[in-house]
Amino acid sequence: MIHCELLVVGAGAAGISAAVSAWKAGCHSILLADRAVQPGGILPQCLHEGFGIATFGKELTGPEYAAKLSESLQRTDILYYPETEVLSIAHEKTAVISRRGALDQVGFEKLLLATGSREKTIGALPIAGTRPAGIFTAGQAQERINLLHQDLGQNILILGSGDLGMIIARRFTLEGKHVIAVLEQNAHYSGMARNYHRCIEACRIPIRFRTTVTEVHGTGRICGVTIRNLETGEREQIPCDTLIIAVGLIPERELVRGLGDPDWLYSVGNCRQIYDIVDSAVAEAEQITRKALSL
Amino acid sequence: MEQIDAAIIGGGILGCFTARNLCRWKLSVAILEAREDVCTGISRANTAIVYPGYDHVPGTLKAEMTVRANAYFQTLCEELDVPFLRCGSLMLSYGEQADKVLQKKYLQGLQNQVPGLKLLSAEEAYVLEPMLAPGLHTALYAPSAGTVNPWQLGIAACENAVHNGAHLFLNRKVEAIHKVDGGYVLETENGSLFARGIVNCAGLDSASVQEMLFSPSVRIVPTAGDYLVLDKSVAPVPSRILQYEPEQKGKGLTVVPTVEGSLMLGPSDRENEIDYATTETGLSFVREYSHRLLPDLDLTGVIRSFAALRPNPQRTDGSRINSFSIEHPAPAFWSLIGIKTPGLTCAQELGFYASRKVAAELGAEPNLSFDPLRKNIQSVHSLSFEERKALVGNFPDYGEVVCCCEDVTKAEVLEAIHRGAVSVDGVKRRTGTGMGRCQGSRCEQKITALLAEVLGVPESAIPKDGKKSEIVWGSRYDTL
Ligand SMILES: Cc1cc2nc3c(=O)[nH]c(=O)nc-3n(C[C@H](O)[C@H](O)[C@H](O)COP(=O)(O)OP(=O)(O)OC[C@H]3O[C@@H](n4cnc5c(N)ncnc54)[C@H](O)[C@@H]3O)c2cc1C
Ligand SMILES: Cc1cc2nc3c(=O)[nH]c(=O)nc-3n(C[C@H](O)[C@H](O)[C@H](O)COP(=O)(O)OP(=O)(O)OC[C@H]3O[C@@H](n4cnc5c(N)ncnc54)[C@H](O)[C@@H]3O)c2cc1C
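Reading the values: rules and limits
Residues numbered from 1 in each chain as written. Chains lettered and ligands numbered in written order. Predicted model: local features only at pLDDT ≥ 70, side-chain atom pairs only at ≥ 80, totals over all residues. Heavy atoms only, no water. Near = heavy atom within 4 Å. Polar contact = N/O pair within 3.5 Å; in protein donor to acceptor, adjacent residues only side chain to side chain. Areas by Shrake-Rupley, 256 points an atom, 1.4 Å probe, with all protein chains shown as cover. Helix = DSSP H or I, 4+ residues; strand = E, 2+ residues; numbered from the N terminus. Contact = heavy atoms within 4.5 Å. Salt bridge = Lys/Arg side-chain N within 4 Å of Asp/Glu carboxyl O. Nonpolar A, V, L, I, M, F, W, Y, C, P; charged D, E, K, R; others polar. Domains from an automatic or database assignment. Buried area = accessible area lost by both parts, 1.4 Å probe. Buried < 20%, exposed > 50% of the residue type's maximum accessible area, 1.4 Å probe, protein only. Patch = residues over 30% accessible without salt bridge, like charges linked within 9 Å, V, L, I, M, F, W, Y side chains within 5 Å.

**Student:** Please clarify how the site of ligand 2 should be interpreted in this entry.
**Tutor:** All names here are of chain B. As a structural note, the neighbourhood of ligand 2 is formed by 38 residues, with Glu 33, Ser 43, Ile 49, Ile 339 and Thr 345 the closest of them. Take Ile 13: an N or O atom from its main chain is 3.2 Å from an oxygen atom of ligand 2. Between ligand 2 and Gly 343 there is a distance of 3.4 Å, counted from a nitrogen atom to a backbone nitrogen or oxygen. Out of a free accessible area of 1000 Å², ligand 2 has 96% covered by protein chains. Those elements that provide at least two residues to the shell around ligand 2 are helix H1 (13–22) and strand S17 (302–315). Element by element, the count of residues in the shell around ligand 2 is highest for S17, at four residues.

**Student:** Got a minute to help me understand the interface of chain A and chain B in this structure?
**Tutor:** Taken together, the contacts link 47 residues of chain A with 47 residues of chain B. The tally of links from chain A across to chain B stands at eight salt bridges. For Arg 442 of chain B, the salt bridge is made with Glu 252 of chain A, and the minimal N-O distance between the two is 3.0 Å. Counting the contacts that link chain A with chain B gives 22 residue pairs in polar contact (both at pLDDT 80 or more). Looking at the side of chain A that touches chain B, the elements with two or more residues in it are strand S7 (85–90), strand S8 (94–99), strand S9 (102–107), strand S12 (128–129), strand S13 (135–137), helix H4 (138–147), strand S14 (150–151) and strand S18 (211–217) of chain A. Split by residue class, the side of chain A that touches chain B holds 13 nonpolar, 15 polar and 19 charged.

**Student:** Help me understand the domain arrangement of chain A in this model?
**Tutor:** It is common to give the size of an interface as the accessible area that goes away when the parts come together. All names here are of chain A. Domain annotation for chain A reports domain 1 (2–116 + 252–294) and domain 2 (119–248). Domain 1 and domain 2 are separated by 31 Å when their C-alpha centres are compared. Residue-level contacts link 12 residues of domain 1 with 11 residues of domain 2. Approximately 950 Å² of surface area, both sides summed, lies buried where domain 1 meets domain 2, with 45% of it carried by carbon and sulfur atoms. When the buried area of domain 1 at its contact with domain 2 is split by residue, Gln 45, Leu 47 and His 48 rank highest and sum to 52% of it. Across the contact surface, domain 1 and domain 2 share two salt bridges. A salt bridge links Arg 198 to Glu 59; its shortest N-O distance comes to 2.7 Å.

**Student:** For this particular structure, what's the right way to read unusual backbone geometry?
**Tutor:** In terms of backbone geometry, most residues other than glycine have negative phi values and most peptide bonds are trans. The omega torsion across Ala 235 of chain B and Pro 236 of chain B is -5°, close enough to zero to call that bond cis. Among the structural elements, Pro 236 of chain B can be located in the loop between strand S13 (218–230) and strand S14 (241–245). Positive phi is not limited to glycine here, since Lys 93 of chain A has a value of about 60°. Positive phi is not limited to glycine here, since Cys 39 of chain B has a value of about 55°. The topology assignment puts Cys 39 of chain B in the loop between strand S2 (29–32) and strand S3 (49–50). With a relative accessible area of 0%, Cys 39 of chain B lands in the buried category.

**Student:** Hey, could you run me through a nonpolar patch on the surface in this one?
**Tutor:** Residue and element names in this part refer to chain B. A cluster of nonpolar side chains, namely Val 454, Leu 455 and Val 457, defines an oily patch on the protein surface of about 200 Å² accessible area. Mapped onto the fold, Leu 455 is located in helix H12 (residues 444–455). Here Leu 455 falls in the partly exposed class, since its relative accessible area comes to 36%.

Here it is as structure tokens:
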């Protein structure tokens, strides 16, 4: 059994800053575990700039922001376990962690949950038809393109005009792909104005409001979708070879489901609420950490 | 030309169980499957119920086989190391028409000797399943009903057949059959093969396969149905199989608490469909009826929808089919045509039935060294902490979690590939990866990478599921 005062689950922006601020506040028995190889959570795959304006006074890219977090982590003696899955958390203030070659129990006094979010998938949407290859969530596409350097398709349709949808639309355009359109069910784009100007306007990507996908076509690879205008009810078939689902993030809280609200458990970052701006996620994570420690 | 004793056309659950049972005789056996993997057809998309046997006309082969298969199911699943959940079922009536149906099924069930069958009052049924919508009339309780993962069962039978010497020929679609002296020649897309006997288990194509050689006797008229799957985190959910018996024909609904812990709802009923595509009306039907039957069920927990195709058999002479349509158009040629519900329940029985007939016609001796046992891929999820720790210590790959929703490790994925998975869905069918709430959006990239590495091909050659379903088109590294 491994013992620590504070167990931090997830080494994204929120988890790292929480762990580092706890360290600075004098808590020197911290274990920070994350399933990924590198620290930073979703930041390393966000190649775009736009992070850290409030904290650093300039726009950094995701990897740059992650590098700053990682430097601050290295200046501490926090025990950081990458490539480590936290499997479960129990009422007895123990967790089970799994790594290559080792399964361990961790005993802790306090726990900071910093597990981020997961994406809504096509399965959760009322979209009929087939489920062929060529359908990705935005984050999955981002990882495959930006980190794994893969070519996902040529004619791309994007469902959802949140920040994720708009940013991936630009990414595909910069990769030389044809983004047929971004589809949005509301009458207005749902992400930040900054991303609308930089991604949609600057890349001249068509955006269709009050429109949604009702059906997917194709066996093997996707060959098109049926879309529906929510005002007129009109339907139209659009051919495409790739469909990106960018319809939102869900706080990832599976680990603590069923635990109730014990006094040793605190949540920070996207698993608490979805933050559009990393700086706010970080600032609040630090605040919550101070509160957690003073208890 | 390759020569074998018995060829099985089609590697669905029926083909796999026929192969397994043919190995009980001293015969050389081969499965010829059109696809790159087994159990990708009807056997993948169905309701997953192990039926108790009250649905069928007493005295028919179907009734007799279902009751026997059900009684034997636990043993079968132990032999093949596949999870089986004997959760029981409630058939539900909300009206007078349905009451009559339940009454009839009850009597039929008694005649078929279905164990433990009871007609329950509404009060009794609400005690068992408090979530049921108000207004219940009666319920038919069958404690012997259960559920199994259909493709896991089929894959297990196939592995067991191969272990006993059967050959599995994949990507071998049978395109023509000729009668020759002493047997048949099967022409496939990858060369011809001579077999002394044939069992046709081609599912939706079984009628057309038989018609390659014989005049039509049974035709298949497919209909389709849509299903929804809820995440295992959804609570509360019913703990038994529920079958809502409609007042009007065709508007029923089945609810199944699966062995994986998710809840399956469906199917809708649509006509004349030929592909595995869901429809908006079908899906909203399932939603609407689920809500009607279980008003407090949290339908926001839907993680997947899928469609299934029913291979409805119809005799060309118009006569009614009360039992399984098993055709025997010529010596040593058997066809399982249009085997729909309860084909999963009876897969072992049907496989044994067909094998015994073929073996007799081929004059085969029993194979006394047949081994009925098969071991599943070791899954870490079911282990205690100590057991899992020991396993991870001995085999480091068991420590690396690949699918975080379903808790599946690298060791399991590698073993699935070793056992024949060549696609992302092939790994999914063998290990459960991608079945959970994120539907593979976090593990698919790891699985395609592992498949590519082990199979020694670029990732752009890895399919999701079958031909032309490659997930990525290329990589900047491919050319390096
Ligand atoms: C596409 C996109 C673009 C964005 N663009 C901007 C921008 O331009 N500017 C800006 O300021 N903000 C932006 N944001 C918002 C900001 O990036 C996020 O709010 C912030 O990074 C969230 O950090 P987090 O630590 O909460 O979550 P995450 O970064 O998701 O980190 C969670 C970590 O927990 C780990 N984890 C989860 N469960 C377990 C477990 N059981 N065991 C082990 N590890 C686990 C995960 O591996 C992950 O590393 C963007 C967000 C997205 C999605
Ligand atoms: C909607 C639905 C719900 C059901 N629910 C239940 C249930 O709850 N309980 C129950 O007991 N039963 C149920 N069943 C029945 C059960 O699923 C089927 O009886 C069973 O899966 C049939 O298996 P199969 O092997 O015949 O077909 P398949 O799995 O379709 O296998 C046929 C195989 O043959 C291959 N093939 C076709 N043509 C050729 C060729 N020319 N050459 C080579 N290979 C070929 C195909 O590729 C395929 O792999 C249900 C069926 C349906 C449709």
